[in-house]
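Remarks on the overall topology
Take a look at the letters that make up each chain.
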Amino acid sequence: MAELSLQHIDKIYDNNVQAVFDFNLDVKDGELIVLVGPSGCGKSTTLRMVAGLEDISKGHLYLDGKDITQVPAKDRDMAMVFQNYALYGHMTIYENMAFSLTLRKENPNVIHKKVLAAAEILGLTSQLNKKPNQLSGGQRQRVAMGRSIVRSPKVFLFDEPLSNLDAKLRGATRREILLLHKRLQATMLYVTHDQTEALTLADRIVCMSMGHVQQVGTPLELYDAPANIFVASFIGLPPMNLFDAKVEGDKLVLQQGQGYQVALTDQEKQLLAPYQGKVIVLGVRPEDIEEGAGLPVTISNNENLGMNTLAYGNIGGPNGAKICAKLKGWVGHQHGDQLQFAIKRKHLFDKETTNAIR
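Not measured: the values here are computed from a predicted model. (Residues numbered from 1 in each chain as written. Predicted model: local features only at pLDDT ≥ 70, side-chain atom pairs only at ≥ 80, totals over all residues. Heavy atoms only, no water.)

1. Notes on the sheet that holds strand β11 (residues 241–248)
Taken together, 5 strands build an open sheet; the order of strands is β13-β12-β11-β14-β19 and the sheet is antiparallel. Unpaired on one side and paired on the other, β13 (261–263) and β19 (347–349) mark the two borders of the sheet. Between one strand axis and the next, the sheet turns through 40° on average, direction left out of account. Bridging between β11 and strand β12 (residues 251–254) involves 4 bridges; their strand directions are antiparallel. Residue pairing for β12: Lys-246 is matched across the bridge by Val-253. (Pairing = 2+ DSSP bridges. Helix = DSSP H or I, 4+ residues; strand = E, 2+ residues; numbered from the N terminus. Axes fitted to C-alpha atoms, helices over the stretch in contact; angles between N-to-C directions.)

What follows is the structure in structure tokens.
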């Protein structure tokens, strides 16, 4: 397929509002990259600049080593799948999938073979004579993907393609996109605000906030070693617990939790030596908490999820710091129950810079 390189790319609108700051990324041939972040973080703007639908204010975009920064969208050999499908309602599914090739005046026999091949991959063979309004949302999204496949582009671009689907369809279509990537070995750039999509689909994730790249890495790297507090709180469900804590010798003293203490390992003591007497941010994922000797917690409520239970409470009493633990099994704790939570693993962050302490 293709290699893509974004080098020092900015997006500045005519009113001097900057949406993307110094974006750098090298996408390998056949790699599936997911851009993830909250609404307004610049991820869709970045994708649209790659597609040629938005001008690049500064920086350069390369496709297979060729500078395509100024190349029109129609000549970039990329195919985009939109959130709202963008299908022609008066055309059949076959005609929708064949449309771009028909415009190019491709040989009808070649078009027919490509449409049938794409329909076979996506399970649409029996739907080709129908109109879009006769299909479900998930099927229409597959048609949009099929329309891209028949073009055999160098790069596939996905702009929040699952956001209009219900939860069940999102899961099924997500799996179809993953299988499609494995089958085509295509270079793909995928935008979403849904961290579940990012974690399950991506070879690598680009996490963005307010136009800036916060971290680039594999899903495990972002989950297991977040670069800063934003990534730590955005990646992972439920979100990471974050507490202000003062470093005092071989322990952390929680600042909101009636002075309760958390012991440090030898390695953590070394990392925090420069922070003695200072307040840092202690991060703990809910799944890294278990019942056992540790912090006293007053339970406020439970969410039973079958194999796991999310237990919410406050450290030291109703006015203490809020905490969420992901406990194994169906746990029947009640409002007001007194428990003890043990922390199995900690993440440490500089309170001023918000960066991870490593």
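2. Thoughts on the domain arrangement of the chain
What the domain assignment lists for the chain is domain 1 (4–234) and domain 2 (241–349). Both faces combined, the contact of domain 1 with domain 2 buries some 670 Å², and carbon together with sulfur accounts for 55% of it. For the domain 1 face of the interface with domain 2, the top three residues by lost area are Tyr-223, Asp-224 and Ile-229, together amounting to 67%. Counting across the interface, domain 1 meets domain 2 through 1 salt bridge. (Domains from an automatic or database assignment. Buried area = accessible area lost by both parts, 1.4 Å probe. Salt bridge = Lys/Arg side-chain N within 4 Å of Asp/Glu carboxyl O.)

3. Thoughts on the pairing of strand β6 (residues 78–81)
Neither face of β6 is left uncovered, since the one carrying Met-78 and Met-80 and the one carrying Ala-79 and Val-81 both have all their residues buried. Pairing between β6 and strand β7 (residues 155–159): 4 bridges, direction parallel. Opposite Val-81, over in β7, you have Phe-158 as the bridge partner. (Buried < 20%, exposed > 50% of the residue type's maximum accessible area, 1.4 Å probe, protein only.)

4. Regarding the state of the cysteines
This structure, assessed with the given rule, holds 0 disulfides. We note that Cys-207 lacks a disulfide partner, and the nearest cysteine sulfur, in Cys-41, lies 7.8 Å from it. Left unpaired, Cys-324 is separated from the closest cysteine sulfur, that of Cys-207, by 20 Å. A relative accessible area of 6% means that Cys-324 is categorised as buried. (Disulfide = S-S within 2.5 Å.)

5. Quick word on the packing of aromatic side chains
This structure, assessed with the given rule, holds 3 aromatic pairs. A centroid spacing of 4.8 Å and a plane angle of 55° characterise the contact between Tyr-88 and Phe-99, whose relative ring orientation is tilted. Note that Tyr-88 is positioned in the loop between β6 and α2 (93–103) and Phe-99 in helix α2, a separation of 11 residues in sequence. Accessibility expressed as a relative area gives 24% for Phe-99, which makes it partly exposed. A centroid spacing of 5.5 Å and a plane angle of 35° characterise the contact between Phe-158 and Tyr-190, whose relative ring orientation is tilted. Taken together, the positions of Phe-158 in strand β7 and Tyr-190 in strand β8 (residues 187–192) put the pair 32 residues apart, joining distant regions of the chain. Given the relative accessible area of 1%, Tyr-190 is considered buried. (Phe/Tyr/Trp six-rings, centres within 6.5 Å; stacked < 30°, edge-to-face > 60°.)

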